[in-house]
2 protein chains.
Amino acid sequence: MIVLSLDTSTPTIFLALYRDGKHYSMKYKGHEKHAVRLAPLLDYFLKTVGVSPKDIDLFGIGIGPGGLTGLRIGIATVIGMASPFNKPIVPVPSFHLMVLSFPLDGRIAVVRKARKGFFYCGIYDKKNSEIREISLPSVISEEDLSQRIKKEKMFVIGDGIGKFGYKDYLEISGEVLIGETLRREDEKVSYYEIKPLYIQKSIAEMKLKGELS
Amino acid sequence: MIVLSLDTSTPTIFLALYRDGKHYSMKYKGHEKHAVRLAPLLDYFLKTVGVSPKDIDLFGIGIGPGGLTGLRIGIATVIGMASPFNKPIVPVPSFHLMVLSFPLDGRIAVVRKARKGFFYCGIYDKKNSEIREISLPSVISEEDLSQRIKKEKMFVIGDGIGKFGYKDYLEISGEVLIGETLRREDEKVSYYEIKPLYIQKSIAEMKLKGELS
């Protein structure tokens, strides 16, 4: 069985492949948009590992929360590989990938920059690679987030968190990407059903509805 | 100024490039030897970023501790790029790279598998990206290491640490690779002076001297 999983919910591209009990992974962080970099990087990764897209049995994709354009590029790319042979795709919440990749157990908040003055925040308890959701990803104001971080003892990972006294840390390990894809295999869907995890309206949508000036 | 830094002290290849204030990084983990994979990966990385080896002003290389063959491949590759124009190379201790890439402050032990029954271990205090060496990397028996880990409250990162109740975690961030190269710029040496950090005799050497059966 060959599994390919990827995540484009952050500025970094995370790729992972599993074949015959072996894990391969690649990560790239630059300044090009995912639209420019993802396809050639994936092509190089698959050639390096010696796998053709048609040989992949199962796909995994990080569905966010995160940058909507990057997420869409990742999802479109997986659809492009999965649709010709109608191969299944497993949607994986990106915050789970980050929590599971964090090296320590305990209460972990994943915080990502959303629109100005707001953050995506999800809170989890992790023990021995088991995750319990304490607070599902939602959009929270900087002020509310700041209070929650002060009140509660937890690890805080993510980006834009310098103002709360933490350093940016956004990592997804290849083993976790593959592991979560396989663990959630019964949640697999067809390529036409896959979509990003929307937890806020897009700015364009809000402008259209007059909620944003 | 263009800086290229890499680390091959672990099974993962870490590459980082800095140009005009911008950071680029790539990471690959597979099952090929560094001797097979490093050169083509580096070539792809430099082409992706659009840099020719001759344009690089400064090189950084993780000198270990770690797998000696992998370290030598990394060092030989950097020498290959630095020697034609006699560009300087900054040797960087790999354990410092791992400690600085770890997302939390505190006392941190880096533990790597050495020969059977033994580990490399270095212990550090980290605060705000400043490192204090508590115990320089040395070879320590499993028993001594186990006692030290039980006695002292610290984060333990590395590989082969499952028996001490920790999960393997070996990460080096691109920003840290470049940051340490630049911070140590006045420790730069010529290509003919660079060598890996030996902290144990090679098994061949020990056999030769009759210290190992």
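As the structure is a prediction and not an experimental result, all values here were calculated from the model.

Participant: Can you help me understand the relation of the copies chain A and chain B in this one?
Facilitator: In summary, the two copies of the chain are related to each other by a rotation about an axis coupled with a shift along it. Of the two same-sequence chains, chain A is brought onto chain B (RMSD 0.1 Å, axial shift 0.0 Å) by a rotation of 180 degrees. Here the copies are linked by what is in effect a two-fold axis. Within chain A, K27 of chain A has its C-alpha nearest the rotation axis, a separation of 2.5 Å. In this assembly the copies share their binding face: 100% of the residues contributing to the interface of chain A also contribute to that of chain B.

Participant: What is the right way to read the interface of chain A and chain B from this model?
Facilitator: By a widespread convention, an interface's size corresponds to the accessible area lost as its parts come together. In this assembly, 17 residues from chain A lie in contact with 17 residues from chain B. Only strand 3 (22-29) and helix 1 (34-49) of chain A provide two or more residues apiece to the side of chain A that touches chain B. By residue number, the principal contributor to the side of chain A that touches chain B is strand 3 of chain A, which donates 7 residues. Class assignment for the residues of the side of chain A that touches chain B results in 8 nonpolar, 4 polar and 5 charged. Where strand 3 of chain A meets strand 3 (residues 22-29) of chain B, 5 bridges bridge the pair, whose relative direction is antiparallel.

Participant: I would appreciate a short explanation of the domain arrangement of chain A in the present structure.
Facilitator: Residues and elements named next belong to chain A. The domain boundaries assigned to chain A delineate domain 1 (2-94 + 172-208) and domain 2 (103-164). Averaged C-alpha coordinates put domain 1 and domain 2 at centres separated by 23 Å. Contacts between the two partners involve 5 residues from domain 1, matched on the other side by 7 residues from domain 2. When the residues that make up the side of domain 1 that touches domain 2 are grouped by side-chain class, the tally is 3 nonpolar, 2 polar and no charged.

Participant: Would you mind showing me how to read the pairing of strand 2 (residues 12-19) of chain B here?
Facilitator: Regular strands place their side chains on alternate faces of the sheet. All names here are of chain B. Counting buried positions along strand 2 gives 6 out of 8 residues, so the element sits mostly inside the fold. With 6 bridges connecting them, strand 1 (residues 2-7) and strand 2 associate as antiparallel partners. Bridge assignment links L4 to a residue of strand 2, and that residue is L17. Joining the antiparallel neighbours strand 1 and strand 2 is a turn of 4 residues. Here 8 bridges tie strand 2 to strand 3, and the two strands are oriented antiparallel to one another. For Y18, the partnering residue across the bridge sits in strand 3 and is H23.

Participant: Before we go on, may I ask you to explain the environment of A82 of chain B in this structure?
Facilitator: All names here are of chain B. With respect to the secondary-structure elements, A82 resides in helix 2 (residues 68-82). When the 23 C-beta atoms within 10 Å are taken as the criterion, A82 is described as buried. As for A82 and K150, which are separated by 68 residues in sequence, their C-alpha atoms are 44 Å apart.

Participant: Teacher, can you tell me more about the sheet that holds strand 3 of chain A here?
Facilitator: Note on sheets: strands pair through backbone hydrogen bonds, and any given pair is parallel or antiparallel. Across the sheet, 10 strands lie side by side as 5(A)-4(A)-1(A)-2(A)-3(A)-3(B)-2(B)-1(B)-4(B)-5(B); this open sheet has mixed pairing. Of all strands in the sheet, those bounded by a partner on one side alone are strand 5 (89-92) of chain A together with strand 5 (89-92) of chain B. Sheet twist, expressed as the mean angle between neighbouring strand axes with direction ignored, is 15 degrees. Where strand 1 (residues 2-7) of chain A meets strand 4 (residues 58-62) of chain A, 4 bridges bridge the pair, whose relative direction is parallel.

Participant: Sorry, what's going on with the sheet that holds strand 6 (residues 106-113) of chain A here?
Facilitator: Residue and element names in this part refer to chain A. The 4 strands are arranged 8-7-6-9 in an open sheet whose pairing can be described as mixed. Taken across any chain shown, the strands that pair with only one partner, and hence form the sheet edges, are strand 8 (130-141) and strand 9 (155-158). Across this sheet, the average inter-strand angle for adjacent strands is 20 degrees, counted without regard to direction. Set on the sheet, helix 4 (residues 142-151) makes contact with strand 6, strand 7 (118-127), strand 8 and strand 9; between it and strand 8 the angle comes to about 145 degrees.

Participant: Can you help me understand the confidence of the model for chain A in this one?
Facilitator: Segments scoring low in pLDDT should not have their predicted coordinates read at a detailed level. Averaged over every residue, the pLDDT of chain A is 94; residues scoring 70 or more account for 95%. The complex model carries a pTM of 0.94, and its ipTM stands at 0.93.

Participant: I would appreciate a short explanation of the pairing of strand 9 (residues 155-158) of chain B in the present structure.
Facilitator: Residues and elements named next belong to chain B. Covered by surrounding structure in strand 9 are F155 and I157 together with V156 and G158, the residues of both alternating faces. Here 4 bridges tie strand 6 (residues 106-113) to strand 9, and the two strands are oriented parallel to one another. Paired with V111 across the bridge in strand 9 is G158.

Participant: Where do I start with the environment of E187 of chain B in this structure?
Facilitator: Along the chain, E187 of chain B turns up in the loop between helix 5 (174-183) and helix 6 (203-208). In sequence terms E187 of chain B and P91 of chain B are 96 residues apart; their C-alpha atoms lie 7.5 Å from each other.

Participant: Explain the nonpolar core here, please?
Facilitator: In globular proteins that are soluble, nonpolar side chains generally tend to be buried together. In terms of nonpolar packing, the biggest core is built from 120 residues, with F59, I61 and M98 of chain A together with F59, I61 and M98 of chain B touching the most fellow members. Excluding its chain neighbours within four sequence positions, the residues that come into contact with F59 of chain A are L4, S5, V78, M81, A82, K87, I89 and V90 of chain A.

Participant: Explain helix 2 (residues 68-82) of chain A to me, please; I cannot follow it from the model alone.
Facilitator: Since one α-helical turn is 3.6 residues long, residues separated by three or four positions face the same way. Its 15 residues give helix 2 of chain A an end-to-end C-alpha distance of 21 Å, which sits within 8% of 21 Å, the value for a rise of 1.5 Å per residue. What helix 2 of chain A keeps buried is the set G70, L71, I73, G74, I75, V78 and A82 of chain A.

Participant: Would you take a moment to explain the packing of helix 1 of chain A against helix 2 of chain A for this structure?
Facilitator: Helix-helix packing: each pair is described by the crossing angle between the helix axes and the interaxial distance. Residue and element names in this part refer to chain A. The N-to-C vectors of helix 1 and helix 2 enclose an angle of 35 degrees; their axes lie 10 Å apart at closest approach. Crossing angle aside, the handedness with which helix 1 passes helix 2 is right-handed. Each of H34, A35, L38, A39 and L42 in helix 1 lies in contact with helix 2, whose residues at this interface are G70, I73, G74 and T77. Considering only residue class, the contact of helix 1 with helix 2 consists of 5 nonpolar, 4 polar and no charged.

Participant: When you look at the packing of helix 3 (residues 94-101) of chain A against helix 5 (residues 174-183) of chain A in this model, what are you seeing that I'm missing?
Facilitator: Residues and elements named next belong to chain A. Contact geometry for helix 3 and helix 5: axes closest at 9 Å, N-to-C directions at 125 degrees. Taken together, the axis directions place helix 3 and helix 5 in an arrangement best described as oblique. Where helix 3 crosses over helix 5, the handedness of that crossing is right-handed. Contacts between helix 3 and helix 5 involve H96, L97, L100 and S101 on the former and, on the latter, V176, L177 and E180. Its residues assigned to classes, the contact of helix 3 with helix 5 comprises 4 nonpolar, 2 polar and 1 charged.

What counts and how
- Residues numbered from 1 in each chain as written.
- Chains lettered and ligands numbered in written order.
- Predicted model: local features only at pLDDT ≥ 70, side-chain atom pairs only at ≥ 80, totals over all residues.
- Least-squares fit on C-alpha atoms with pLDDT ≥ 70 in both.
- Contact = placed C-beta atoms within 7 Å.
- Helix = DSSP H or I, 4+ residues; strand = E, 2+ residues; numbered from the N terminus.
- Nonpolar A, V, L, I, M, F, W, Y, C, P; charged D, E, K, R; others polar.
- Pairing = 2+ DSSP bridges.
- Domains from an automatic or database assignment.
- Buried ≥ 20, exposed ≤ 12 C-beta atoms within 10 Å, placed from the backbone.
- Axes fitted to C-alpha atoms, helices over the stretch in contact; angles between N-to-C directions.
- pLDDT = per-residue confidence, 0-100.
- Core = buried A, V, L, I, M, F, W, Y, C linked by C-beta atoms within 7 Å.
- Expected span 1.5 Å × (residues − 1).
- Left-handed = near helix turned anticlockwise from the far one by under 90°.
- Parallel < 35°, antiparallel > 145°, perpendicular 65-115°, else oblique.

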